[in-house]
Amino acid sequence: MARWEPNARARLAAAALDLFEEHGYDSTTVAQITERAGLTKSSFFRHFTDKREVLFDGEAMTEALVTGVAEAPADVAPLDALTHAFLRTGETMFPPERRPFLARRAAVIRRAPELAEREALKELGLADAVRTALEARGTTPVEARVCAELGGLAFSLAYERWLEAGAEVRFEPLLRRAEREVRAAASQSTR
């Protein structure tokens, strides 16, 4: 591929994922990733700080969730505002055509402790971002934290199920089911 072609970030991520599957995360170098993508090392470092970051796009997800919370109807409860944000994010970030890539990505992350740690840190950052967004809507800090944790759990459950589902399954019904389950479990826990 020519070095000037568009979508360098996606090409690097695809090359890295292929190499991580073939050789393992630890045995793959940035040079191998850039060679496979048909790009230079300087192109790689324009997009990512290191090879660990190549499979993570936390900024886009954070921005989508924060915007979704802010744009939720003003009269809805905090957890419903999160659901609004999660549904909007799921529609844009988890279309059916991305499922194969994201399922492969999840498998690679599970096998590499350094990537699993990065995924956990990303999830903590997302929870903090939505907590802050809920507080900006007037939610108390404690309620915002609880909603961020419960909403994050529902989102994670739905995402895991979506990765395992058939190509025809959309993210929305899985999120709605996970949200009902989390709410039911939380209400049972208070008895």
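As a reminder, the structure under discussion sits directly above these lines.
Novice: So what's going on with the overall build of the protein chain? Residues and values would help.
Specialist: A count of helical and extended segments in the protein chain gives nine helices and zero strands. Counting from the amino terminus, helix and strand elements in the protein chain follow one another as α-α-α-α-α-α-α-α-α. Oriented by its inertia axes, the alpha-carbon framework of the protein chain measures out at about 55 × 30 × 30 Å. Burial analysis of the protein chain (191 residues in total) assigns 41% to the buried set. Contacts spanning at least 24 positions in sequence make up 63% of the contacts within the protein chain whose residues lie at least 6 apart. Here the protein chain contributes 27 positive and 30 negative side-chain charges, whose respective centroids are spaced 2 Å apart.

Novice: Explain the packing of helix α6 (residues 99-111) against helix α7 (residues 113-136) to me, using residue names and the numbers behind them.
Specialist: Put simply, α6 and α7 touch, their axes get as near as 5 Å, and they point 115° apart. In terms of orientation, α6 and α7 fall into the roughly perpendicular class. Each of R105, V108, I109 and R111 in α6 lies in contact with α7, whose residues at this interface are P113, L115, A116, E119 and K122. Of the residues assigned to the contact of α6 with α7, the class counts are five nonpolar, no polar and four charged.

Novice: A description of the pattern of salt bridges should follow, citing residues and the corresponding values.
Specialist: For the structure shown, the criterion picks out 16 salt bridges. The closest approach of N and O atoms between R88 and E71, which form a salt bridge, is 2.4 Å. Remark: E71 occurs in helix α4 (residues 58-71) and R88 occurs in helix α5 (residues 78-93); sequence separation between them is 17 residues. Note on E71: relative accessible area 48%, which makes it partly exposed. Put simply, R131 and D128 hold a salt bridge, and the shortest N to O gap is 2.4 Å. Placement of the pair is R131 and D128 together in helix α7, with a separation of three residues, close to one helical turn. Assessed through its relative accessible area of 38%, D128 is described here as partly exposed. Within the structure, one salt-bridge network assembled from shared partners comprises D18, E21 and R104.

Novice: So, the environment of G38: which residues are in play, and what are the values?
Specialist: Within the secondary structure, G38 is located in the loop between α2 (30-37) and α3 (41-47). Residue class for G38 comes out buried when judged on its relative accessible area of 14%. Between the C-alpha atoms of G38 and P95, which are 57 residues apart in sequence, the distance is 27 Å.

Novice: Got a sec to walk through the side chain of R105? Specific residues and values, please.
Specialist: By the element assignment, R105 lies in helix α6. Judged by relative accessible area, R105 falls into the buried class, the value being 5%. From its side chain, R105 meets the backbone oxygen of L55 in a polar contact 2.6 Å long. When sequence neighbours within four positions are dropped, the list of residues in contact with R105 reads L17, L55, F56, E119, K122 and Y159.

Novice: Describe the nonpolar core, naming the residues involved and giving the relevant values.
Specialist: Formed by 32 residues in total, the largest nonpolar core has its most connected members in L82, F94, W162 and F171. Listing elements by their share of this core, those giving two or more residues are α4, α5, α6, α7, α8 (141-164) and α9 (171-189). In terms of residue count, α8 provides more of this core than any other element does, nine residues in total. The contact partners of L82, leaving out residues within four places of it in the chain, are V69, V130, L134, C147, A148 and G151. By size, the runner-up hydrophobic cluster in this structure holds 21 residues, among which are A15, Y25, V30 and L115.

Novice: With reference to specific residues and values, describe the packing of aromatic side chains.
Specialist: Taken as a whole and judged by the stated rule, the model has 10 aromatic pairs. A ring pair is formed by F44 and F45, whose centres lie 5.1 Å apart and whose planes are at 80°; its orientation type is edge-to-face. On the accessibility criterion, F45 (43% relative accessible area) is partly exposed. Pairwise contacts between aromatic rings join F86, F94, F155, Y159, W162 and F171 into one cluster. Across the ring face of Y25, the terminal group of K51 is positioned such that the distance to the ring centre comes to 4.3 Å. Above the plane of the ring of F56 lies R118, whose end atom (NZ or CZ) is 5.1 Å from the centre.

Calculation criteria
Residues numbered from 1 in each chain as written. Predicted model: local features only at pLDDT ≥ 70, side-chain atom pairs only at ≥ 80, totals over all residues. Heavy atoms only, no water. Helix = DSSP H or I, 4+ residues; strand = E, 2+ residues; numbered from the N terminus. Buried < 20%, exposed > 50% of the residue type's maximum accessible area, 1.4 Å probe, protein only. Contact = heavy atoms within 4.5 Å. Lys, Arg positive; Asp, Glu negative; His and termini not counted. Charge placed at Lys NZ, Arg CZ, Asp CG, Glu CD. Axes fitted to C-alpha atoms, helices over the stretch in contact; angles between N-to-C directions. Parallel < 35°, antiparallel > 145°, perpendicular 65-115°, else oblique. Nonpolar A, V, L, I, M, F, W, Y, C, P; charged D, E, K, R; others polar. Salt bridge = Lys/Arg side-chain N within 4 Å of Asp/Glu carboxyl O. Polar contact = N/O pair within 3.5 Å; in protein donor to acceptor, adjacent residues only side chain to side chain. Core = buried A, V, L, I, M, F, W, Y, C linked by side-chain atoms within 4.5 Å. Phe/Tyr/Trp six-rings, centres within 6.5 Å; stacked < 30°, edge-to-face > 60°. Lys NZ or Arg CZ within 6 Å of the ring centre and 35° of its normal.

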